[in-house]
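A closer look at the structure
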Amino acid sequence: MNPLITTAELADLAEVSVLDVRWKLAVSPTGPAGIDSYREGHIPGAVFCDLETDLTAHPGQEGRGGRHPLPSAEAFQEAMRRLGVSGSRTVVVYDGADSTAAAARAWWLLRYFGHPDVRVLDGGLRAWISEGLPVSTEESGPETGDFEARPGGMPLLDATEAGALAADGVLLDARAAERYRGEVEPIDPVAGHIPGAVSAPTGENVDASGRFHLPEFLRERFNTLGAVPGVAVGAYCGSGVTAAHEVLALEVAGVPAALYVGSWSDWVTDPSRPVATG
């Protein structure tokens, strides 16, 4: 199943749950929630999904690491049901297509917790508006959904597994190249990258409009970085959000990949873990 959906395909769907997952990583590690943007205008029928509360556990809760830890099955199920998500109905998620990768985070979590049919709107709200499609300021109040969260639908890495994959397979670092090199680190307390990881900024997955490149383009890109058939592939970023975008791009390219949800913000919490720069 293609994980992406076009604006025309979404406009033709009758039975669908649409989640607006707009969010920005600002100077603050958490960034603004995005509800104000939603209220200013969204796809008709869309429900606002807050990355900080609906798609993330509290840092440190139940031993979960990083700035945006994996939520428990119970918490995620409750959030999705409140947003009207049902297991038998297609879910489409979108953001602003401005490199936030928030929609990809929602896509990955829904897939991880077992939803069979979830798509990301290619190009996000920007593409929807550019096609002259309608927007609404009416806040939707959906009926409670019946989604049942069952973990294990997507491969997952912890810190030990991520470090091993960097040595024995291909671990892609989805952050900006200067953060990978350790030249700057605006958020986390330590700069650099996991030794052996390969720099693969998510910005190169999309074109200037925010739409994903064609599968052939992405396949060649990732193959050049060592992500080829038969090689185990994983991805990480700062806190497991943009890395979900990398996993999505890899899926578009036909390359299965695991996600290190804790990512760099989890890696650097243990001073015994090695750090590379350059």
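Computed from a predicted model, the values in this text were never measured in an experiment. (Residues numbered from 1 in each chain as written. Predicted model: local features only at pLDDT ≥ 70, side-chain atom pairs only at ≥ 80, totals over all residues. Heavy atoms only, no water.)

Digging into the side chain of Asp 122
The topology assignment puts Asp 122 in the loop between β5 (118-121) and α6 (124-130). Of the side chains with opposite charge, Arg 211 comes closest to the buried, unpaired Asp 122, at an N-O distance of 5.3 Å. Among the polar contacts listed, one links the side chain of Asp 122 to the backbone nitrogen of Phe 212, at a separation of 2.9 Å. The contacts of Asp 122, once residues within four sequence positions are left out, are Leu 4, Ile 5, Ala 127, Gly 210, Arg 211 and Phe 212. (Helix = DSSP H or I, 4+ residues; strand = E, 2+ residues; numbered from the N terminus. Buried < 20%, exposed > 50% of the residue type's maximum accessible area, 1.4 Å probe, protein only. Lys, Arg positive; Asp, Glu negative; His and termini not counted. Salt bridge = Lys/Arg side-chain N within 4 Å of Asp/Glu carboxyl O. Polar contact = N/O pair within 3.5 Å; in protein donor to acceptor, adjacent residues only side chain to side chain. Contact = heavy atoms within 4.5 Å.)

Focus: the sheet that holds strand β3 (residues 47-48)
What the five strands build is an open sheet, ordered β1-β5-β4-β2-β3; its pairing is parallel. Sheet topology places β1 (4-5) and β3 at the edges, where each strand pairs with a single neighbour. Pairing of strand β2 (residues 16-20) with strand β4 (residues 90-94), which is carried by five bridges, proceeds in the parallel orientation. If you follow Asp 20 over to β4, its bridge partner there is Tyr 94. With respect to the sheet, helix α5 (residues 102-112) is in contact with β4 and β5, its orientation differing from that of β4 by roughly 155°. (Pairing = 2+ DSSP bridges. Axes fitted to C-alpha atoms, helices over the stretch in contact; angles between N-to-C directions.)

So, the sheet that holds strand β10 (residues 258-260)
Read across the open sheet, the five strands follow the order β6-β10-β9-β7-β8; overall the sheet is parallel. Each end of this open sheet is capped by a strand with a single partner; those strands are β6 (156-157) and β8 (198-199).

Let's talk about the packing of aromatic side chains
Inspection of the entire model under this criterion finds five aromatic pairs. Relative to Phe 113, the ring of Phe 76 lies with its centre 4.9 Å away and its plane at 25°, an arrangement referred to as stacked. Taken together, the residues Phe 76 in helix α4 (residues 73-82) and Phe 113 in the loop between α5 and β5 connect sequence positions 37 residues apart. Owing to a relative accessible area of 0%, Phe 76 belongs among the buried residues under this scheme. The buried category is assigned to Phe 113, whose relative accessible area is 1%. (Phe/Tyr/Trp six-rings, centres within 6.5 Å; stacked < 30°, edge-to-face > 60°.)

Points about the nonpolar core
Grouped together as the largest cluster of nonpolar side chains are 58 residues, with contacts concentrated most on Leu 19, Met 80, Val 93 and Trp 108. If you list the elements that add at least two residues to this core, you get α4, β4, α5, β5, β7 (170-173), α9 (215-224), β9 (233-236) and α10 (242-252). Counting residues per element, this core draws most heavily on α5, at nine residues. In this structure, Trp 108 is in contact with Leu 70, Met 154, Pro 155, Leu 156, Ala 244, Val 247, Leu 259 and Val 261, ignoring residues within four places of it in sequence. Core analysis: the second largest hydrophobic core is formed by 15 residues, Leu 157, Ala 162, Tyr 236 and Trp 267 among them. (Core = buried A, V, L, I, M, F, W, Y, C linked by side-chain atoms within 4.5 Å.)

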